[in-house]
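Descriptive structure summary
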Amino acid sequence: ENHIVTSDGQHIQVAMRVDAPDVVLLDHFMTDAECDELCKLSKGTLTKSTVVDDATGNSVDHAQRISQGTYFTIGQNKLVKRIEQRISEVTNTPVVNGEGLQILNYVGGGEYRPHFDYFPDNEGGRIHKARGGQRIITVIMYLNNVTAGGATILPKINLSVYPKKGSALYFSYFNSAGQVDPITLHGGAPVIEGERWIAT
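Residues numbered from 1 in each chain as written. Predicted model: local features only at pLDDT ≥ 70, side-chain atom pairs only at ≥ 80, totals over all residues. Heavy atoms only, no water.

So, the nonpolar core
- In this structure, F29, M30, L38, I83, L101, M141 and L143 are the most contacted members of the largest nonpolar core, which totals 24 residues.
- Of all the secondary-structure elements, those providing two or more residues to this core are β2 (11–18), β3 (23–27), α1 (32–42), α2 (78–91), β10 (137–142), β14 (168–172) and β17 (195–199).
- Looking at which element gives the most residues to this core, the answer is α2, with four residues.
- Apart from residues lying up to four places away in sequence, L101 is in contact with L38, T70, Y71, F72, V80, I83, I87, M141 and T200.
- The next biggest cluster of nonpolar side chains, apart from the first, holds 17 residues, and it includes L25, L154, V161 and V191. (Core = buried A, V, L, I, M, F, W, Y, C linked by side-chain atoms within 4.5 Å. Buried < 20%, exposed > 50% of the residue type's maximum accessible area, 1.4 Å probe, protein only. Helix = DSSP H or I, 4+ residues; strand = E, 2+ residues; numbered from the N terminus. Contact = heavy atoms within 4.5 Å.)

Structural data, given as structure tokens:
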């Protein structure tokens, strides 16, 4: 199916699909107004982004991630609820199984070097899995157009997806045998000009 209409009337177009791993690019996932509002609501609460420490599970600074971000709690406001419901419908995943929306802003060389979104089998990963279970899918929503750079890269399949305001990139990394897939290694390429706003 190359066209999805959600219960709130959003007409989403499937722009690209890769089967292995399961990667889908969705155009018109959000409206321009929704993108602008998420950015506006986030600007006053941005802090330096962190990564999960392998040994302790704590959030720590790391040179591989140069951005600032903030979080919304699940159902925090009407806009967040609407986006969460849309993600739920498109991914066939209950809202309660998701994490709160994270907003990220990358400027002047900001990047996130290739990494996995699922939790690894180490002490830090086990702590996170005990809290909320293993991650199984990621949805990256592009909140603005980037002048140069800022692509989402999946280096193991030689795929680059450039930000397009309102579009979203979905990928899954968990199979029916309960295994995570390292081919979903991905990152955010450096922003060369302009800035990059995403929601995950």
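Here the narrative resumes, following the displayed structure.
Quick word on the pairing of β10
- A large share of β10 lies buried, amounting to five of its six residues.
- Here two bridges tie β10 to β17, and the two strands are oriented antiparallel to one another. Across the sheet, residue M141 finds its bridge partner in β17, namely A199. (Pairing = 2+ DSSP bridges.)

Brief notes about the side chain of S42
- With respect to the helices and strands, S42 occurs in helix α1.
- In terms of polar contacts, S42 uses its side chain to reach the backbone carbonyl oxygen of L38, at 2.7 Å.
- If near-sequence neighbours (up to four positions away) are discounted, S42 is found in contact with T70, F72, I103 and W197. (Polar contact = N/O pair within 3.5 Å; in protein donor to acceptor, adjacent residues only side chain to side chain.)

Concerning the sheet that holds strand β13 (residues 159–161)
- Reading across the sheet, the four strands line up as β9-β15-β12-β13 and stay open at both edges, with antiparallel pairing between neighbours. Of all strands in the sheet, those with a lone pairing partner are β9 (112–115) and β13, marking the two edges. Each neighbouring strand pair of the sheet contributes to a mean axis angle of 15°, computed without reference to strand direction.
- Both β9 and strand β15 (residues 186–188) contribute to a ladder of two bridges, which runs antiparallel. (Axes fitted to C-alpha atoms, helices over the stretch in contact; angles between N-to-C directions.)

A look at the pairing of strand β8 (residues 102–107)
- Among the six residues in β8, five count as buried, and that is most of the element.
- Pairing between strand β7 (residues 68–71) and β8: four bridges, direction antiparallel. From the neighbouring strand, Y71 faces β8, where its bridge partner is Q102.
- Here β8 pairs with β17 via five bridges, running antiparallel. Its bridge partner being in β17, I103 is matched across the sheet by A199.

Topic: the packing of aromatic side chains
- For the structure shown, the criterion picks out three aromatic pairs.
- Ring plane angle 55° and centroid distance 6.0 Å describe the contact between F171 and Y173, whose orientation is recorded as tilted. An identical accessibility class is assigned to F171 and Y173; each is buried.
- It is R196 that lies over the ring of Y106; its NZ or CZ is 5.0 Å from the centre. (Phe/Tyr/Trp six-rings, centres within 6.5 Å; stacked < 30°, edge-to-face > 60°. Lys NZ or Arg CZ within 6 Å of the ring centre and 35° of its normal.)

Quick word on the sheet that holds β3
- Overall, antiparallel pairing links the nine strands, which are arranged β1-β2-β3-β14-β10-β17-β8-β7-β4 in an open sheet. This sheet does not close on itself; its edge strands, each paired only once, are β1 (3–5) and β4 (47–48).
- The strands touched by α1 within the sheet are β7, β8, β10 and β17, with β17 carrying the most contacts at an inclination of about 100°.
- Relative to the sheet, α2 contacts β1, β2, β3, β10 and β14, its axis offset from that of β10 by approximately 130°.

Considering unusual backbone geometry
- Residue A20 is joined to P21 through a cis peptide bond whose omega torsion reads 0°.
- By the secondary structure assignment, P21 is in the loop between β2 and β3.
- At N92, a residue that is not glycine, the phi angle is positive and equals roughly 55°.
- Looking at the element boundaries, N92 is found in the loop between α2 and β8.

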